[in-house]
Structures are given as C-alpha cells and as structure tokens.
Amino acid sequence: MSADAFVHPDEIRSMFSGAMSDMYRAEVPQYGTLMELVSDINQEKLAADPVLRDGLVRSDDLDRIDLERHGAIRLGKPEELFNMRRLFAVMGMHPVGYYDLSVAGVPVHSTAFRPIDDDALRRNPFRVFTSLLRLELIEDAQLRTEAEAILAKREIFTPDALKLIYLAEKNGGLDRVQAEQFVAEALETFRWHSDATVSLETYQKLHDAHRLIADVVCFKGPHINHLTPRTLDIDAVQRAMPERGISPKAIVEGPPSRKCPILLRQTSFKALEEQVYFVGSNPKGTAGTHTARFGEIEQRGIALTAEGRKLYDTLLASVRHAVQVSAGGSNARDYETELAERFAAFPDDYETLRVEKLAFFRYSVTDAGRDAAGKVDRDVSVDELVDQGYLHADPIIYEDFLPVSAAGIFQSNLGSDEQKNYAEQSNQDVFEKCLGASVADELALYAAHQQASIDQAFETLGIRKNVA
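Procedures and definitions
Residues numbered from 1 in each chain as written. Predicted model: local features only at pLDDT ≥ 70, side-chain atom pairs only at ≥ 80, totals over all residues. Heavy atoms only, no water. Pairing = 2+ DSSP bridges. Helix = DSSP H or I, 4+ residues; strand = E, 2+ residues; numbered from the N terminus. Axes fitted to C-alpha atoms, helices over the stretch in contact; angles between N-to-C directions. Contact = heavy atoms within 4.5 Å. Buried < 20%, exposed > 50% of the residue type's maximum accessible area, 1.4 Å probe, protein only. Parallel < 35°, antiparallel > 145°, perpendicular 65-115°, else oblique. Left-handed = near helix turned anticlockwise from the far one by under 90°. Nonpolar A, V, L, I, M, F, W, Y, C, P; charged D, E, K, R; others polar. Expected span 1.5 Å × (residues − 1).

A. Representation of the sheet that holds strand β3 (residues 108-114) within the structure. A sheet is described by the order of its strands in space; here five strands give the open sequence β2-β3-β4-β1-β6, paired in mixed fashion. Because the sheet does not close on itself, it has two edges, and the strands there are β2 (94-100) and β6 (226-229). Here the average twist between neighbouring strands, direction ignored, is 20 degrees. Set on the sheet, helix α2 (residues 29-48) makes contact with β1 (69-75) and β6; between it and β6 the angle comes to about 10 degrees. Across the face of the sheet, helix α5 (residues 78-90) comes into contact with β1, β3 and β4 (127-133) while running at roughly 165 degrees to β4.

B. Examining the pairing of β1 more closely. Across the seven residues of β1, seven count as buried, placing the element largely inside the fold. Two elements, β1 and β6, share four bridges in a ladder whose sense is antiparallel. In the sheet register, G71 faces β6, and the bridge partner there is L227. Of the strand pairs in this sheet, β1 and β4 are connected by six bridges, and their pairing is parallel.

C. Spatial organisation of the packing of helix α7 (residues 141-152) against helix α10 (residues 200-209). At a minimum axis distance of 11 Å, the contact between α7 and α10 shows a crossing angle of 120 degrees. Overall, the two elements α7 and α10 adopt an arrangement that is oblique. In terms of crossing hand, the pair formed by α7 and α10 is left-handed. Two secondary-structure elements touch here, α7 through L143, E146, A147 and I150 and α10 through T202, K205, L206 and A209. A per-class count over the contact of α7 with α10 returns five nonpolar, one polar and two charged.

D. Structural view of the sheet that holds strand β5 (residues 195-199). The sheet built from three strands is open, its strands ordered β5-β8-β9 with mixed pairing. For this open sheet the edge positions go to β5 and β9 (286-291), each flanked by a neighbour on one side alone. Across this sheet, the average inter-strand angle for adjacent strands is 50 degrees, counted without regard to direction. Across the sheet, α10 is in contact with β5, β8 (273-279) and β9; its angle to β5 comes to roughly 85 degrees.

E. Highlighting α5. Taking 1.5 Å per residue as the helical rise, α5 with its 13 residues ought to reach 18 Å, and the 19 Å between its terminal C-alpha atoms agrees with that figure. Considered for burial, the residues of α5 that qualify are E80, L81, N83, M84, R85, R86, L87, F88 and V90. At the exit of α5 stands G92, carrying a positive phi of roughly 70 degrees.

That is the geometry; function is a separate question.
Below, the structure is given as structure tokens:
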C-alpha cells in the first residue's frame, strides 16, 4: 500500500484525543465544567495581554491551546508497558523522560508519551503520563505474590487493538478505515469499569498497602484517571473553581506565580468517590466505593536548561523542607508565602533567563532582520543579533512533567498525605527493559529545537550557521 493512503499519525492522535475527551466528559461531568472554565479564563487572558497573544501567534502556538490535553494512566506489569509503547507509536507519541515517584512515596516509575518534533507538537501536543507499578516495593511478600497473580490474569488491550498495532508496524501505517477502528479499539483500554476483579477483602489489603496499588491491581484496565486542559492563568482558574461548584486542591503544585512562567504549574479538583462492585457471593457482587479519577488543570511555561532546572530543584526542595502541606490543606498559605519568597532568587524576566542560559528559546528573524539579510556580519553572535533587533527570542514551551508535582497531585487525589520511605531507588534500566526502548532526554530535545531555530534564522539572514 502507498504511504499516501495512510492516515498521518498526527491525525490519528487528534482523533484519539478527541474521542478520549468525549468519553471522559461523559464519564466525569465535572470535566466538562472544567473545560468551559478554562476556555473562559484563556479568552480573558488573551484579550487582556496582547503581548502574550502576539508571542503565541509568532511561535505558531495559539491554535494548539484549545487542543492541548494530557492524560495519565497507571499500568501493572511490564507487558502492559511494552504494548502501550507500541499503541502510542501508532499515534506518533514517543517515551520522553524517566520519572521516579517512589522517592516521593508513590510506588511507581513513569515516562510521558508525546510527540517530539515541532510540527507534530503544533498539530496536537497530546501527552499521556504513564506509570508502571513497582510491585517490588510492596513489603508484604504474600501480598506482593497475590498482586502479581491478579495482574497476570488480565489483558488490557482488545484483540483487534493488538492486531491493528501489528498491521501498523508491518505496513508502516493505517488506512482510514483501520485508523477509525484503531481509535475505537484503543479507547476500550482507557474506559472506566465499575466491576472490580477482586473481592472487597483483597481490595482492602492492597488499599492498606497503598491506595495507588489497589487502583492499579483491582480493575480490568488502566482507566484514564484524569484529562488535563492547559490554561494561561492557573491562579484565576484556582480562584474560580468554587464558583463553578468545583472543589480545588489546597495549593497549586510547581513554581509560584511569575511574570515569566517556568516549567509547569498544576492544580486539580478532588477525586470522585465512585461506586464499584467487588467479586463476592452475591451474583451482582459486593457494593463498595473507590476513589481514583479527578480533574486537573495545568499552566505551562518556558523549558529550563540543566542550570535552570538545578536552580529550580534547589529552591523547591528548600521550600518543601521548610513547610509541609497536608492533603487537607493545612499550612497552604504558609507554603505559598515561602514559595514566593524563596523563588525571588529565580530571575523573572525573559532576557535574563536567556542571557544567563537558564531557559530555552526559539529564535526567528524580525522584519528588520529580513531587510538586513545578506548584509549582516558573518561572525555576529546570537546575542548581538537580538540586541540589534534582527532576531526575536520566544520561550520554548515546557512539554514534560515534574516528579514532585506529579506525586503531589497523586497524594492529594488519593485522599492522603501519607509518605512511605521505600528502600528501592530509581531504576531507569529496568523501566526501559520493560518498555522495550530507551526514553528520550527531554533536555536534549529542547536544545535541538533551539539550535534548529538558530540554524534557520542564520540561513534566512544569509550568514553562516552559528552555535548559541
């Protein structure tokens, strides 16, 4: 079959993310309310901040705001992670980054499946934060064996989904009919099931070991536990949620509010308590409840370099050491005050971030630069071209995640601030073996995007390529 007959992976990703959003809106009505709130806030922000709007237009990022989503799933065994990688590859999504959440008391390690090149990100930046349960962190050996046996019996992918993944790999893509069937079959993996696969007694034992372990082990599949729209003003969303009947978590995770947003800020509404039926003597099962699915909102800022991340991590660690916030929200105001005070040490203007190489930028030629094309000194530096008004420098948006923030969201929405000290530490080699591939280095991706923009700008200006 000709490659022209295949549906582009970016289009399949858009089809899937749209179908996922529709399904989740039907399953969790508050998600629809959240989407409406975020849309209203974004429109207000764009109307009030023409500089922000112009920058998004210049970087071709404006249209992606309304499309932008990330989801999260939790897997139970290596084969599930291996096949999930294959499934996401059909949609042009690749594993980026390794996150060890066990250091924050959550017994998983994770990656993010997402598009990695600029064009694909602009078309649809859908991401899925994907965690693998670390069964070795269950201290009770008997319970660990029982969990392994439960997971061994389940198959989270439909036979037709696996067949279509194989066809995409074999043929190099899917045609229109196959792509539509693939989306429908893949969606089944992420659907909520109210019937548990274990007894209430078994669920309770796993729940007592860790709430997340029960969520992963006791159900038919990795139900999507949240979908996240992107807002341009997360503080406004946080304030407005109660007005829409939504109860937000106590604090916004990540850096404080800034003139120049960095990395990622996240908040969420409290997880739903949902009725489930456990295996039991009654034909209908034993009724009970489970808490897992919630709504989340994110605000994305500029991607930081290794030096920028080092400064960020140092400042955040100092705040978390000074003030502890419980799941119930005690000390939330103290935490936010401490956060703002300590992060005063982090430069809050783009020019300083750029000159001190704390963040990544995308460079483009200005109108003055185009007029000067072919007349520019061949030995000029990027900084000099910016100073001369020949280059724009726009923030490169952070496309990835923060392990401490992810753990904070997990803890809050599992209804607990319990901190376990796991003896095992991160094990990226084991994770990548389960995955069947290496994860991409997100810092290398941002550096490549920055350098590609510099190369293109120098070509437009008619001078030799330069290194920033």
